[in-house]
Amino acid sequence: MAIAFESTFSSLPESLFSPVRPSAVRQPVLIRLNDDLAADLGLNAQWLRGTEGLAALSGNAVPHASTPIALAYSGHQFGTFVPRLGDGRAILLGEVVDRSGHRRDIQLKGAGRTPYSRRGDGRAALGPVLREYIVSEAMAALGVPTTRALAAVATGDRVQREIGLPGAVLTRVASSHIRVGTFQYAATQGDIAALRSLADYVIARHYPQAGTAQNPYLALLDHVVRAQASLIAHWMSLGFIHGVMNTDNMAVSGETIDYGPCAFLDTYDPAKVFSSIDEFGRYAFGNQPRVAVWNLARLAEALLPLIDTNVDDAVARAQEVLAGFAIQYEDAHLRHMRAKLGLSTAMSEDAQLIEELLLTMHDGRADFTLTFRALSQPSVNGGAPAELTKLFSNPERFNGWYERYQDRLRREPVSPLERERAMMGVNPRLIPRNHRIESVISAAVTDGDYAPFHELVAALATPYAEKPENDPFTAPPAPGEEVLRTFCGT
Ligand code: AMP
Ligand code: MG
């Protein structure tokens, strides 16, 4: 069996990518294959599990029809522009058209050095590979646009980080790997023709409607802005922190990409930061909408020469589109939060009700996920149920809010039963809690025991279901179990 790889990206100007070959690993062992995703992609899971499949997934052989490349990109890292980053440890095997007709990239992460590796070894350690597998698949199950994990393979090689660690390769699937930084790279080259080719390619691949707009490049910016406003509002509704929202880690498709030191909130805290190198809280939970629009302004800058030959006009038009972000984000945020509270109608006081709940959760150190899940179970006698109140260290303030919430619910046209059903479908019972991920990684890295990894991945596939066997995965960290910082460890 062969994978029907195509490589439409290679039709773009050569400055935007480099042909590469994966480097072989010593002793590849398949850790996990995502059978459902393989089926969606029209790939034969049995073949992938076999000798040839394993060789392809580890980078030990380049599959037939694949012409592997590494993509060039720039990026603002923590606000500082780096003109040449690129796929330093990722190799794009090619694209496949999935069973729904969508073009998807298949990429090996950790498959060896490329012309963009700088001082890096092009390799990935096992821990970050498992983390990306767990979190990206959990995000998909939660309904958030995201890159996917097709497979994780242990390499049998050691990679040298602060300490020597077992190596691994992740096979990542994305609707594309084109980033804000890809446009920055094309713009930095000063080659307008290449920039235009890239923009035309992205329009055709992701936003064909923009192609027929009066100004396709302005329309492209508008589509990316909308996709990101929607994505970030979705993150915020689930307590997800990306951790490193550099412009090179923001996909123009609107999928979540590049899971590094990412995490989900336990207790609600807008100032929460996970990345060990984020000293100033640039990528703190509550800052994510602001950072997104900052990144989108960098995309707009890159697109300016295409938007209008008159710079002032181009800037004015781009600014107008960027201003849409705040409106679209607020709108999407309100929609998510109303759904989380079971509000099927829109009333003017809703924004304040939501804000007061979040302030009360912050003040009362309430667990984000448990609070919304408990709110989904209707109260028995009108008062706040005990299992809800006990999540707050400020129960009086919470009870005050809860009374206002009940007043609001009395003006809802839907029945409590209908409301419960709707809320249980948007307020997850399970999220990939950071302390769980750390213990799964530790079992794999220290003891070579992958059973906890498989159990966690399986449980996270149905995050909204009320399954007793998933009880152990719902608990927030006990005192002392909290993970304070996540090291990039890449
Ligand atoms: P990331 O932290 O994943 O967003 O990566 C930032 C940049 O560093 C990208 O250009 C990566 O390709 C590159 N990079 C990260 N780790 C490595 C590595 N081990 N070897 C080579 N390049 C790397
Ligand atoms: Mg990255």
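Once a new chain begins, its residue numbering starts again from 1 and follows that chain's sequence as written. Ligands are numbered from 1 and chains lettered from A, in the order in which they are written. For a predicted model such as this one, the threshold for reporting local features is a pLDDT of at least 70, and the threshold for listing and counting side-chain atom pairs is 80 or more; totals across whole chains, interfaces and linings nevertheless cover every residue. Neither water nor hydrogens contribute to the side-chain values; these are computed over all heavy atoms in the structure.

(A) The site of ligand 1, seen in detail. Proximity is defined per residue: if any heavy atom of the residue lies within 4 Å of a molecule or strand, that residue is considered near it. Surveying the vicinity of ligand 1 reveals 18 residues, the closest of which are Gly86, Gly88, Arg89, Arg118 and Gly122. Definition of a polar contact: a pair of N or O atoms within 3.5 Å, with one able to donate and the other able to accept a hydrogen when the atoms are protein atoms, and with sequence-neighbouring residues admitted only if both atoms are side-chain atoms. Arginine 118 is positioned such that a nitrogen or oxygen atom in its side chain is 2.8 Å from an oxygen atom of ligand 1. All accessible areas in this document rest on Shrake-Rupley with a 1.4 Å probe, and a residue is counted as covered only by the protein chains that are shown. When ligand 1 is considered free in solution it has 480 Å² of accessible area, and contact with the protein chains removes 83% of it. Only Asp, Glu, Lys and Arg are considered charged, only Ala, Val, Leu, Ile, Met, Phe, Trp, Tyr, Cys and Pro nonpolar, and every remaining residue, Gly among them, polar. Its residues placed into classes, the shell around ligand 1 shows two nonpolar, eight polar and eight charged. Just so you know, the domain bounds were taken from an automatic or database domain assignment. Two domains each put at least three residues into the shell around ligand 1: domain 1 (9–176) and domain 2 (181–339).

(B) Expanded view of the coordination of the magnesium ion (ligand 2). Coordinating N, O and S atoms are those within 2.8 Å of the metal (3.2 Å for Na, K and Ca), and as water is not part of the atoms, a site may appear to have fewer donors than expected. Surrounding the magnesium ion (ligand 2) are the protein donor atoms Asn249 (OD1) and Asp258 (OD), at 1.9 to 2.1 Å. Accessible area is worked out with a 1.4 Å probe on protein chains only. A residue is then buried under 20% of its type maximum, exposed over 50%, and partly exposed in between. Given a relative accessible area of 13%, asparagine 249 falls into the buried group.

(C) Seen up close, the packing of helix 7 (residues 216–238) against helix 8 (residues 288–307). The angle between two axes is taken between their N-to-C directions and runs from 0 to 180 degrees, where each axis is a line fitted to C-alpha atoms and a helix contributes only its stretch in contact. Every helix listed is a DSSP run of H or I at least four residues long, and every strand listed is a run of E at least two residues long, numbered separately from the N terminus. Contact pair helix 7 / helix 8: the axes reach a minimum separation of 10 Å and the direction vectors enclose 170°. When the interaxial angle is binned, helix 7 and helix 8 end up roughly antiparallel. Across the interface between the two elements, Tyr217, Leu218, Leu220, Leu221, Val224, Val225, Gln228, Ile232, Trp235 and Met236 of helix 7 pack against Gln288, Pro289, Ala292, Leu296, Leu299, Ala300, Leu303, Leu306 and Ile307 of helix 8. Its residues placed into classes, the contact of helix 7 with helix 8 shows 17 nonpolar, two polar and no charged. An angle below 35 degrees is treated as roughly parallel, one above 145 as roughly antiparallel, one from 65 to 115 as roughly perpendicular, and anything else as oblique. Every residue pair with non-hydrogen atoms within 4.5 Å of one another is taken to be in contact.

(D) Up close: helix 11 (residues 368–376). The element helix 11 is largely enclosed, with a buried count of eight among its nine residues. Close packing links the buried residues of helix 11 with helix 7, helix 9 (311–340), helix 10 (350–363), helix 12 (386–389), helix 13 (395–410) and helix 14 (416–424). One side-chain oxygen at the N-terminal end of helix 11 lies 3.2 Å from the backbone nitrogen of threonine 369; it belongs to aspartate 367.

(E) Quick look at the nonpolar core. Put simply, a nonpolar core is a bunch of buried Ala, Val, Leu, Ile, Met, Phe, Trp, Tyr and Cys residues held in one set by side-chain atoms that sit within 4.5 Å of each other. Counting residues in hydrophobic clusters, the biggest one holds 147 residues, and the most contacted among them are Phe9, Phe183, Leu375 and Tyr405. The leading source of residues in this core is helix 7, at 15 residues. For this core, the domains that each give at least three residues are domain 1 (9–176) and domain 2 (181–339). Setting aside chain neighbours within four positions, we find phenylalanine 9 in contact with Leu16, Phe17, Ile69, Leu71, Glu95, Ile178, Leu198 and Tyr201.

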